[in-house]
Structures are given as C-alpha cells and as structure tokens.
Amino acid sequence: GRLRPLAPDEAKVQEEDYVGRQVRGHCPEGEYSDLSTLVLQPKHAAIKALFTAKFEGGAHFSSFSLIFVYCILFGFTLASGGMAYPFGLFVPHIMAGACFG
C-alpha cells in the first residue's frame, strides 16, 4: 500500500475507547503503512487492529490493502490445506474474514 500521513490529533477520544496504532514499518516519521500493520505483526495483533474502530492520527485501512491481504491469505490457505503438517487454520480464517468483511 502507499504511505499515508497521519493527521495531527484530529479527534479527541474518550478515555474508555481503545485507540489502535498503525505500524510504521520502513516509513518516514509521521507516516504509516497499512500493509505493514497487517503483514509484519503477529496475527493476533493484526486481527485486533482489523477490529479496531479508531486509530491514532485518523489512520485507516484502504480497501486495496484489505483485498490484497485477503487474497494472499486465501491463496496460502488453499495451498496448505492438503499438506500433511499439523497446523491450525482457525486464526488465518478469522483474519481473512476480518479483511473481507
């Protein structure tokens, strides 16, 4: 995905609201990459980010990034479904559903 600048504290958030944080990755200071947030984190952190309503600085996920990550997850799930290795498919399905939804 392309790099996006963070807005300077555009909305005051109430104390009880959880405010997510996008991953900066290799971006310059004050910018973020939504693909880095989905791909370069542990999957439980990426799923938590997908279900987050508010991010610092007005950050958000682009439709392209969500569809791209969904296609990658779907492809890897199809390719690895018939393998004789024990692994879980629950977390990848949750993440793919969150991206697609």
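Scope of this entry: the structure provided in the associated data block. (Residues numbered from 1 in each chain as written. Predicted model: local features only at pLDDT ≥ 70, side-chain atom pairs only at ≥ 80, totals over all residues. Heavy atoms only, no water.)

### Describing the overall build of the protein chain
Along its length, the protein chain carries four helices and four strands. Counting from the amino terminus, the protein chain carries its helices and strands in the arrangement β-β-β-α-α-β-α-α. Counting all 101 residues of the protein chain, 31% fall into the buried class. In the protein chain, the proportion of contacts linking residues at least 24 apart, taken out of those at least 6 apart, comes to 69%. Approximately 7000 Å² of the protein chain is accessible, and the part contributed by carbon and sulfur atoms is 64%. (Helix = DSSP H or I, 4+ residues; strand = E, 2+ residues; numbered from the N terminus. Buried < 20%, exposed > 50% of the residue type's maximum accessible area, 1.4 Å probe, protein only. Contact = heavy atoms within 4.5 Å. Areas by Shrake-Rupley, 256 points an atom, 1.4 Å probe, with all protein chains shown as cover.)

### A look at a nonpolar patch on the surface
Among the surface-exposed residues, F51, F90, V91 and I94 lie close enough to one another that they form a single nonpolar patch of about 430 Å² accessible area. Among the structural elements, F90 can be located in helix α4 (residues 90-100). Residue class for F90 comes out exposed when judged on its relative accessible area of 64%. (Patch = residues over 30% accessible without salt bridge, like charges linked within 9 Å, V, L, I, M, F, W, Y side chains within 5 Å. Salt bridge = Lys/Arg side-chain N within 4 Å of Asp/Glu carboxyl O.)

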